[in-house]
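Here's the letter readout for the chains.
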Amino acid sequence: MPHEAERAAPPRMMDLSRWRALGGLLWSASRWRVAFFGLVVALVGLLPTAVVLTTGALIQAIPGVIRDGLQGPGGTPALLALAGLAVGLAALAVGGNVMSQQAGVLDSDLALEVHHTVARMTLETPGVAPLEDPAVANELEAVQDAERRGVLQRPVTQLAGVVTARLRGLGAFAVLLGFRWWAPLVLFIAWQLTNRVYLTAMERGLSAKSGPGAERLRRSEYLRSLAVEPAAAKEIRVFGLAGWSVGQYGDAWMEALEVLWANRRASRRLNAAAIVALGVSHALVLGALGMAASRGEVALAGLFVFAQAVLATADLGLIGDAQNWTSQTLHLAGRLTALRERLPGHRMPSGSIGAVPAAAADGEPSEGSMDGVRAAPAGGAVALRLDGVRFTYRGRVLPTLDGLTLDVPAGQSLAVVGENGAGKSTLIKLLCGLYEPDGGRITLDGGRTPQQSRGRIAVIFQDFVRYRLPLRENVGFGHLGLMNDAAALEGALRDAGGKELLERLSCGWDTVLSREFQNGADLSGGQWQRVALARALTAVRGGAGLLILDEPTAALDVRAETELFERFLELTRGITTILVSHRLSSVRRADRIVVVDGGRVAEDGTHDELMKAGGLYATMYSLQADRFAAAPDGDAAEREVEHG
Ligand SMILES: Nc1ncnc2c1ncn2[C@@H]1O[C@H](COP(=O)(O)OP(=O)(O)OP(=O)(O)O)[C@@H](O)[C@H]1O
């Protein structure tokens, strides 16, 4: 288990690197605003110390003014101090206002930047393998958890609170050095200790959510979702799993909490030590200040300034909510860095994503580019070649594909068959560039890798996506450049046999394909398949030259599947097609059939050739034919199998 150790010890980072990560996010979110904001924060943080010192100067000048009037030697310093005080207080008020207004804007900028960064990092991963890594899943969960808890609601406002407090604390530290060199040090150490205890406890709590406790939390969340979400509602009831699911959820939740409780127990002693340290240090410094004043070593003004400074050193210690939220923001920035290290093939942070690509039809995609930016529709069928391809899933010992070699000339229709778990879908995922082979080569169009050929390949997977979006998007996603081309979308839907469906939808192309939305519509399994087929046909209109159907026909009966495949072969004449199916009667009309077994191509030929050869294909075909023959009233399509 290569990732066990990583899960047990979540990546810890020096605070400095988290600050750097947060700074980087802020900088790319809005650099000039951040620069201006930094200046305002510095002003607001340092002004209080200046105000206290000015007040001290005023207190010092007052006895002279009382004695000699404003014309006396103390008059000018008193007036200057008074003016300074007025300017300082006014600047503090204005600066505070500007700071909170700017922080509000940066709060939204930072939240958006984090969303974009996460989306970029996950979407720009060329394959899906990194997303299946449990360590990546944990990091992503930690980021989402932080968002759910509201860490991104006012991150910059909270950060400004922390920075200004620390600057006030540092000012007080400098002032106290003027009393006794050791006084600020003693207070600083005591506050730091308190701080450390608090942060350690919090860090442990957060780590429990991204480290060892993460999987337990995810498991308990999943079990909870089984109870409340519609997806599993039917099975939970039919199989009588309600009691089991509640019990399991409770147990998993308690297991997850146990990690948090253990952390809290571990912090108790340290907490007590910090409280004692604070009491002793303040008694020492205030005692020394009192004695110095009683001996006349410190005058009234000094006493005021130093006493204020002692109070203000608290800003070097715990500062409540702002500190808590800022730590969580830093933790989140750290998680993003960890995520970046685990997800190859992306850049962070920069620019923005999400716009419909203007370049949809111009320019070639680099490896790992976002899907929206497609290869130029070169047109024409794709030829593909697999040369000794080996592939083993992460965490598995035996390879799923083991030296698979296959040459498919442009324009051929190929059926891939094989027993459950033979590796048919894996082969398709490799062809689409969603996984990289461990050995061997896959080339398309005479030399390109699958990732370089995005846009030339269209696929409908077994578990194709039912987007809860309008019909237009559901079909137009096949090629974004055609999203607003009504004729192309209509043609694709008609070819896929979905014309009637369009007529039945109350808002036509704008109908959202989900009842969860107003005027939305739920589709049957067969209707969804037509929509998915229309999506793939849109991709063909946009330039795809290889069309793959990986058994998306589970919801269809044999006759409907046969009809669909025949229609599919008819519509896609001239481009290369690959059909994966268990129903051999449906694929027998393909130009060529390959049987995958033992991780490689075991048989290769036309239906008639393979039947004659009497191998695995012939056995599977006969078994299916027998089954249909035994059915009390098999329909015509099924009988067709019986008779070959
Ligand atoms: N993401 C994954 N991680 C680990 N193992 C996987 C993953 N996906 C598939 N497998 C395993 O790889 C093997 C081949 O699976 P694949 O889905 O390619 O087979 P298939 O021929 O398409 O099967 P079926 O006919 O049942 O759809 C199976 O043993 C499966 O459990």
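All values reported here derive from a predicted model rather than from experimental measurement.

### As for the nonpolar core
Of all hydrophobic cores here, the largest spans 69 residues; its most connected members are V416, A536 and I548. Per-element accounting of this core gives the leading share, nine residues, to helix α17 (residues 525–541). Residues contacting V416, with those up to four places away along its chain left out, are K424, L427, I578, V580, V594 and V596. Among the nonpolar cores identified, the runner-up in size contains 41 residues, and A146, V151, L152 and W325 belong to it.

### Here we look at the sheet that holds strand β4 (residues 439–444)
Strands sit in the order β2-β1-β4 across an open sheet of three strands; the sheet is antiparallel. Looking at strand neighbours, the two that pair on one side only are β2 (401–408) and β4, the edges of this open sheet. Direction aside, the axes of adjacent strands within the sheet are offset by 15 degrees on average. In the sheet, strand β1 (residues 384–391) pairs with β2 via six bridges, with the strands oriented antiparallel. By the bridge assignment, L384 is partnered in β2 with V408. Contacts from helix α13 (residues 424–431) reach β1, β2 and β4 within the one sheet, and its direction differs from that of β1 by about 120 degrees.

### Some remarks on the UniProt feature "transmembrane region" (unreviewed entry) in the protein
On the UniProt side, "transmembrane region" (unreviewed entry) is annotated at positions that read residues 34–59, 79–99 and 270–292 here. Taken end to end, residues 34–59 is 100% helix and 0% strand, and its two terminal C-alpha atoms sit 38 Å from one another. Taken end to end, residues 79–99 has its terminal C-alpha atoms 29 Å apart, with 100% of it in helix and 0% in strand.

### A closer look at the sheet that holds strand β9 (residues 600–605)
The strand order β5-β6-β7-β3-β8-β9 describes an open sheet built from six strands, whose pairing is mixed. Only two strands of the sheet have a single neighbouring strand rather than two, namely β5 (457–460) and β9. Strand-to-strand twist across the sheet, computed as the mean angle between neighbouring axes with direction ignored, equals 20 degrees. When strand β3 (residues 413–417) meets strand β7 (residues 576–580), the two strands line up parallel, connected through four bridges. Considered in β7, the bridge of A415 is made with L579. Sheet contacts for α13: β3, β5, β6 (546–550), β7 and β8 (592–597); angle to β6, the most-contacted strand, approximately 150 degrees.

Parameters at a glance
Residues numbered from 1 in each chain as written. Predicted model: local features only at pLDDT ≥ 70, side-chain atom pairs only at ≥ 80, totals over all residues. Core = buried A, V, L, I, M, F, W, Y, C linked by C-beta atoms within 7 Å. Buried ≥ 20, exposed ≤ 12 C-beta atoms within 10 Å, placed from the backbone. Helix = DSSP H or I, 4+ residues; strand = E, 2+ residues; numbered from the N terminus. Contact = placed C-beta atoms within 7 Å. Pairing = 2+ DSSP bridges. Axes fitted to C-alpha atoms, helices over the stretch in contact; angles between N-to-C directions. UniProt positions renumbered as here; feature names shortened; annotations may be inferred.

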